Amino acid sequence: MPHDHVISTLAALNALYQQPSEDAQRKERDYLDEASQRFIGASPFMLFASAGSAGMDCSPRGDQPGFVTIVDQRTLMFPDRRGNNRIDSLRNVIENPQVGLLFLVPGVNECLRVNGHARINNDPALLQQFAVDGVLPRSVLIVTVAQAFTQCSRAVLRAGLWQADPTRAAGAALDAHTDGLDQAVGCSAGR
């Protein structure tokens, strides 16, 4: 790959791209407006991005719509349900509280991006608020919102994300990658 076309300065990057439109800039908020709150309430799935000394992590989080609780316009909470115990993102939060959340709602082409600072809490009363069928999460992440804005639908539309794929080629590829280990290490749909 030729190195003479590598973009390595902000000046070179800015020369390559136009400035964001006024509408794109205006939609950014430092709080969760009513529309953002409704979107989060309808979302059964989000991607949770973090960074620490061991590297980056982006992990899926999902549950019934409403699994993310909105405390107020600047604060949201979500449970860390039982999973594979890798806790990569939680380790990152301990080292660096800056996080990014990307909320998706099936069938909706726009996404909601939230950036902020997270902390981990295991107060028994707080854990009880997130109990499902008597099962408590190990911890709850509390995020203070710094930025919130919708992402336009272009990426979701180009990907055909909500179009059914009967071949399930990607799922078969992942099964081959893990040699069926997901089931052996306790990665299942259960809580």
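That block above? That's the structure.
Rules and cut-offs
- Residues numbered from 1 in each chain as written.
- Predicted model: local features only at pLDDT ≥ 70, side-chain atom pairs only at ≥ 80, totals over all residues.
- Heavy atoms only, no water.
- Buried < 20%, exposed > 50% of the residue type's maximum accessible area, 1.4 Å probe, protein only.
- Helix = DSSP H or I, 4+ residues; strand = E, 2+ residues; numbered from the N terminus.
- Arc of directions from axis to C-beta.
- Contact = heavy atoms within 4.5 Å.
- Core = buried A, V, L, I, M, F, W, Y, C linked by side-chain atoms within 4.5 Å.
- Pairing = 2+ DSSP bridges.
- Axes fitted to C-alpha atoms, helices over the stretch in contact; angles between N-to-C directions.
- Salt bridge = Lys/Arg side-chain N within 4 Å of Asp/Glu carboxyl O.

K.L.:
Any chance you could explain helix 3 (residues 34-42) here in plain terms?
P.N.:
Each α-helix turn comprises 3.6 residues. Residues three or four places apart therefore point the same way. Within helix 3 the residues assigned to the buried category are S36, F39 and I40. Buried residues along helix 3 cover an arc of 95° about the axis, so they all sit on one side. Opposite its buried face, helix 3 presents the exposed residues E34 and R38, each directed more than 90 degrees away. Those residues of helix 3 that are buried lie in contact with strand 3 (69-72), strand 4 (75-80), strand 5 (98-104) and strand 6 (111-121).

K.L.:
Got a minute to help me understand the nonpolar core in this structure?
P.N.:
One broad rule of soluble globular proteins: the nonpolar side chains tend to lie buried together. Of all hydrophobic cores here, the largest spans 22 residues; its most connected members are V68, L76, F78, L101, F103 and V114. Elements represented by at least two residues in this core include exactly helix 3, strand 1 (45-52), strand 4, helix 4 (88-95), strand 5, strand 6 and strand 7 (139-151). With 4 residues, strand 7 is the largest single contributor of residues to this core. In contact with V114, other than residues within four places in its own chain, are L32, V99, G100, L101, F103, V145, Q147 and A148. Counting 6 residues, the second-largest nonpolar core is a separate cluster that includes M77, L126, L127 and F130.

K.L.:
Got a minute to help me understand the sheet that holds strand 1 in this structure?
P.N.:
Pairing between the strands of a sheet is mediated by backbone hydrogen bonds and can be parallel or antiparallel. Taken in spatial order, the 7 strands line up as 2-1-5-6-7-4-3 in an open sheet, and their pairing is antiparallel. This sheet does not close on itself; its edge strands, each paired only once, are strand 2 (55-62) and strand 3. When strand polarity is set aside, the average angle formed by the axes of neighbouring strands in this sheet is 30°. Pairing geometry for strand 1 and strand 5, over 6 bridges, is antiparallel. In the sheet register, L47 faces strand 5, and the bridge partner there is L102.

K.L.:
Help me out: how do you make sense of the pattern of salt bridges in this one?
P.N.:
Two side chains with opposite charge may pair up if their charged atoms get near one another. Summed over all chains, the structure comprises 6 salt bridges. Ionic pairing is found between R74 and D30, a salt bridge with its closest N-O pair at 3.8 Å. Of this pair, R74 sits in the loop between strand 3 and strand 4 while D30 sits in the loop between helix 2 (22-26) and helix 3, and the two are 44 residues apart along the sequence. Since its relative accessible area comes to 37%, R74 is described here as partly exposed.

K.L.:
For this particular structure, what's the right way to read unusual backbone geometry?
P.N.:
What is expected of a backbone is that most residues other than glycine have negative phi and most peptide bonds are trans. Phi at N85 takes a positive value of approximately 65°, unusual for a residue other than glycine. Take N85: it is sitting in the loop between strand 4 and helix 4. Owing to a relative accessible area of 55%, N85 belongs among the exposed residues under this scheme. Of note in this structure, I87 is not a glycine but carries a positive phi near 45°. Here I87 lies in the loop between strand 4 and helix 4. Exposure remark for I87: the relative accessible area of 38% places this residue in the partly exposed category.

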